[in-house]
Amino acid sequence: MVVECMVSVVLVLAAMLLMIRMVRWAANVVIILVCGGGCGFVVFNILERQWRGWEQIIVYSLATGVAAAMLTLPALPFSKFKKD
């Protein structure tokens, strides 16, 4: 009975450590995917001539960057991109 309890405690700790690492990995993937989506959105709109002229390109690109940053804020505390 004591051995079962000790093994159970070790398994719980191992599972917690594994899940914490998976959460960090998942947060990093979410941030990278949102970044890639924002870059793809900008390039698509420029290539499709939706945005014409440097004024529109600069303003809409900055707005897209801000929106992408806001979308990734919930994942930031769990990622490796957060500075302590």
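Residues numbered from 1 in each chain as written. Predicted model: local features only at pLDDT ≥ 70, side-chain atom pairs only at ≥ 80, totals over all residues. Heavy atoms only, no water.

Student: For this particular structure, what's the right way to read the overall build of the protein?
Tutor: The secondary structure content of the protein amounts to 2 helices and 0 strands. At 21 Å, the protein has a C-alpha radius of gyration far larger than the 12 Å of a compact globule built from 84 residues. For the C-alpha atoms alone, the extent of the protein along its principal axes is close to 75 × 25 × 15 Å. Looking at the 84 residues of the protein, the share that counts as buried comes to 15%. A fraction of 62% describes how many contacts in the protein between residues 6 or more apart in sequence connect residues 24 or more apart. Carbon and sulfur atoms make up 76% of the accessible area of the protein, which totals about 7,100 Å². Looking at the protein, you have 7 positive and 4 negative side-chain charges, and the mean spots of the two groups are 6 Å apart. (Helix = DSSP H or I, 4+ residues; strand = E, 2+ residues; numbered from the N terminus. Rg over C-alpha atoms; globule rule 2.2 N^0.38 Å. Buried < 20%, exposed > 50% of the residue type's maximum accessible area, 1.4 Å probe, protein only. Contact = heavy atoms within 4.5 Å. Areas by Shrake-Rupley, 256 points an atom, 1.4 Å probe, with all protein chains shown as cover. Lys, Arg positive; Asp, Glu negative; His and termini not counted. Charge placed at Lys NZ, Arg CZ, Asp CG, Glu CD.)

Student: Hey, could you run me through unusual backbone geometry in this one?
Tutor: Across residues other than glycine, the phi torsion is negative in most instances, and most of the peptide bonds are trans. The backbone of Arg49 shows a phi angle near 60°, a positive value even though the residue is not glycine. Classification of Arg49 as exposed rests on a relative accessible area of 58%.

Student: Is there a simple way to think about the state of the cysteines in this case?
Tutor: Among covalent bonds in proteins, the disulfide is the one between the sulfur atoms of two cysteines. In this structure the tally under the stated criterion is 0 disulfides. Cysteine Cys35 is unpaired, with the sulfur of Cys39 as its nearest cysteine sulfur at 4.4 Å. (Disulfide = S-S within 2.5 Å.)

Student: Where do I start with the packing of aromatic side chains in this structure?
Tutor: Aromatic rings considered in pairs are described by the distance between their centres and by the relative angle of their planes. Evaluated as defined, the whole model comprises 2 aromatic pairs. Ring centres of Phe41 and Trp51 lie 5.9 Å apart, and the angle between their planes is 75°; this geometry places the pair in the edge-to-face category. Within this pair, whereas Phe41 is found in helix α1 (residues 2-47), its partner Trp51 is found in the loop between α1 and α2 (53-72), the two being separated by 10 residues in sequence. Overall, the relative accessible area of 43% leaves Phe41 in the partly exposed class. When the ring of Trp51 is compared with that of Tyr60, the centres are 5.3 Å apart and the planes differ by 40°; the resulting orientation is tilted. Judged by its relative accessible area of 10%, Trp51 is buried. Residue Tyr60 is classed as partly exposed on the basis of its relative accessible area, which comes to 39%. Chaining the aromatic ring pairs together yields one cluster made of Phe41, Trp51 and Tyr60. (Phe/Tyr/Trp six-rings, centres within 6.5 Å; stacked < 30°, edge-to-face > 60°.)

Student: I tried to follow a nonpolar patch on the surface on my own but got confused; where do I start?
Tutor: Taken together, the side chains of Val9, Val12, Leu13 and Met16 present a nonpolar region at the surface, about 370 Å² in accessible area. Summarising the element assignment, Leu13 is placed in helix α1. (Patch = residues over 30% accessible without salt bridge, like charges linked within 9 Å, V, L, I, M, F, W, Y side chains within 5 Å. Salt bridge = Lys/Arg side-chain N within 4 Å of Asp/Glu carboxyl O.)

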